[in-house]
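# Notes for the structure review
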Amino acid sequence: VKKLTRRDLFKAAPIAGAAAAAGALGFRPAAEARVTTRGVCRFCLLHCGIEVTTEGSRVVRVQGDLQSRTRGFICQHGYALPEVVHAPERVRTPLLRRGERLVPVTWSDALAFVAARLEQVKQRWGPEALMVQTGWPLVRHPLVGLLHRFCRAFGSPNLVSVASLCEASLRMGQALTAGSKYPHDLQPDRTLVLWGANPSRAAPALTHALHRSAEARRLFVVDPTRTDLARRAAEHLQVRPGSDGALALGLAHLLISQARYDAAFVAEHVSGFDAFARYAEDFPPQRVAALTSVGVEQLERVARRFGSEGPVHIWQGLGVEQHVHGVQTVRALVALEALTGAFDEAWAKRQLTPPGPRFGDEPLPALYRMATPEPVPPPVKAKPVGYDELPLFEVYNREAQGNLFSRAVLEGKPYPVRALVLVASNPVTTAPGGARLLEAMRGLELLVSIDPFLTASGRLADVVLPASTFAEGPMVDEERGAARRNDDADTRVTQALVQAQHDAWPDWKIVFELSRALGLGAYFPWASLREALQAKHVPYMEDAAHQPRPRVASSARFSTPTGKVELVSTVLEDFGYPGLPEWKPPEPAPNAEYPLLLVSGPREAGFINSQFRGAPSIRAKVPEPVLRVHPSRGFESGARVALVTEHGRLELKVVVDPAVHPDAVVAPGGWDVASVNAVTSAELLDPISGFPAVRSTRCRLEACRLETCSQR
Ligand code: SF4
């Protein structure tokens, strides 16, 4: 008997009746062949190896790839890939705003609309009135280079990435002090401090290595919250939010005053030591204990261990960076590493800043290599948003500071920004200063969202262009380590893990086609991402807007102007900042009206920033945002409170948690319902990096009962 396939049935009967006919005859449609493809999960920067099994156009199974670098590990987000790829909320076709509604249109109509509106903006305001903002999934992906290229071809310097909020303060502080960004050393025989970082949430694949450090009693945690890893650590220093710099300087003072630092390393490789030691004298244990809430006994105990057990390596997280003086706090922590001799020969091999040409002394190197295929777009005339007041952010990151977007739109400073293209970016749920940000986005002449989903930002857009997920298109699989110094040469384009869904396009194709619609096709002559990556790449020319950069000693171990670890930064002094890693308390300081400190944004177990809210398996575990408060605040779990700052007011459900610092309350980021961005500010910025101070916003809580709230 010939086996009838589903195709035969559809041929033999009207389509509407085919399924019923098959059922009545007892036939089962032939299962489509299962295909398994190896690839890389790109939901976060760990890039775990995965094996994806598909049946036709559907992902039916995901598992870890035992042969990959991550040896079969994947987390709940990797397993949720099918829910993301096949989510009913996916944007299926391009959408164009008609009044209050977004209506489906063809790709050519959508691209023609965007191109025409961008041309209008360029004619009226100049090309710099365009800002392009790219989000997490694309960080360090070759598409960032293509977006730089798109901006430059259009004539705008205003590419923004998550560097405006994440990691750049850390990297700048490392480079200003030791001449390069560098990774943590996770060997269990080294002392490791997790400082404002919670890798069991942010980097789960590395948790096993941290457990080994904890078992060896070499793990320390500095955090306002008693995290899971803090419970396992040799010491948990439960620091008051925003006082990390005082703690680092206090520990440095103890190391120096008790002669427990690596004097030989300091003599050969450190500059500014005497001035630093004098400054650290202002942080004796009693004062540091009062500032940080870490007791004198614990300070002295930890300093003794740091001074006697070899190099101390510090994994710094967003809890260090996202304060008003985050970069200087990072530098204080780097100084602490230097005093313990952490920058040894092994460290020198782990530097991450790409080397520049070695023609003698070289300009201060950017932290990320900037290369472009030929033909190179002409230099951009305008300076990026943020260049005037945050020049070092541009020097190290070569992009605009996105936290100044609202000011540029609403106040025209330094010039008006009138169009915003979001690429896998959702600032409404991820950026501070919610009310002002919404006003700015509503005031634009063009807002475009390129995303697989209709995000909170996309709902405000004039045009939404459906992007495929990372699994649906060719990917670039970086061989980490080898790729660090040479991203382009060591990247490999891999095949799609599942075919593209609906009418979604890969983001690179959207950029190419939009460029062609704008008449900029000469800069995007390729038919595929692979072709683009294979094109000859040359370094970007310095733009005319750039001022002369400080120069560094190219032959020394440390790529700073002195060739040493600079406890007094010559670059900071050249740019008018204090050279010492000065600590200042959170601004504005808590007072009687706002007695608490809001720590906003720590990652919840279920989510990665704003991702996965639509994945049922994950949303079921974390259905709504909650505010975690210490029992001493007098609330009960489940109560609703008003979280009040000078920037706004937000009602949230309380979870009472003794792990939280008594002076702090902790609210997650990334929610579009009850977004904590409504009570944070994009005006309180680090003066060096422009990072927002969202981990130490003063606040108060009001108990909500029958429309009235009473302060606690
Ligand atoms: S840790 Fe999870 S989200 Fe990150 S790459 Fe691995 S599987 Fe993906």
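Residues numbered from 1 in each chain as written. Predicted model: local features only at pLDDT ≥ 70, side-chain atom pairs only at ≥ 80, totals over all residues. Heavy atoms only, no water.

### Let's talk about the nonpolar core
Counting residues in hydrophobic clusters, the biggest one holds 53 residues, and the most contacted among them are W195, L247, L251, F276, F306, L336 and F343. Core analysis: the next-biggest nonpolar cluster, separate from the first, contains 47 residues, V105, V132, C151 and L465 among them. (Core = buried A, V, L, I, M, F, W, Y, C linked by side-chain atoms within 4.5 Å. Buried < 20%, exposed > 50% of the residue type's maximum accessible area, 1.4 Å probe, protein only.)

### What to know about the site of the ligand
Within the structure, the ligand sits among C41, F43, C44, L46, H47, C48, I74, C75, H77, G78, P204 and I608. Per-class residue counts for the shell around the ligand are nine nonpolar, three polar and no charged. (Near = heavy atom within 4 Å. Nonpolar A, V, L, I, M, F, W, Y, C, P; charged D, E, K, R; others polar.)

### Some points on the pattern of salt bridges
If you walk through the whole model with that rule in mind, you get 28 salt bridges. Among the salt bridges present, the one from D672 reaches R459, with a minimum N-O distance of 3.2 Å. Taken together, the positions of D672 in the loop between β27 (664-667) and β28 (697-705) and R459 in the loop between β16 (446-451) and β17 (463-466) put the pair 213 residues apart, joining distant regions of the chain. When its relative accessible area of 44% is taken as the criterion, R459 is described as partly exposed. A salt bridge links R516 to E513, with the nearest nitrogen and oxygen atoms 2.8 Å apart. On the criterion of helical spacing, the pair formed by R516 and E513 is a turn pair, its members being three residues apart in helix α23 (residues 507-517). Through salt bridges with shared partners, one network takes in D185, R190, D344 and R350. (Salt bridge = Lys/Arg side-chain N within 4 Å of Asp/Glu carboxyl O. Helix = DSSP H or I, 4+ residues; strand = E, 2+ residues; numbered from the N terminus.)

### What about the sheet that holds strand β8 (residues 191-195)?
Taken in spatial order, the four strands line up as β10-β9-β8-β12 in an open sheet, and their pairing is parallel. Taken across any chain shown, the strands that pair with only one partner, and hence form the sheet edges, are β10 (235-237) and β12 (312-316). On average, adjacent strands in this sheet sit at an angle of 20° to one another, irrespective of strand direction. Note that strand β9 (residues 219-222) and β10 share three bridges and pair parallel. Residue pairing in the sheet places F220 in a bridge with E235 of β10. (Pairing = 2+ DSSP bridges. Axes fitted to C-alpha atoms, helices over the stretch in contact; angles between N-to-C directions.)

### As for helix α9 (residues 207-215)
Among all positions in α9, only T207, A209, L210, S213 and A214 are buried. All buried residues of α9 fall inside an arc of 155° around its axis, so they share one side. Residues of α9 that are exposed and point over 90 degrees away from its buried face: H208 and E215. Two residues or fewer after α9 comes R217, characterised by a positive phi angle close to 60°. (Arc of directions from axis to C-beta.)

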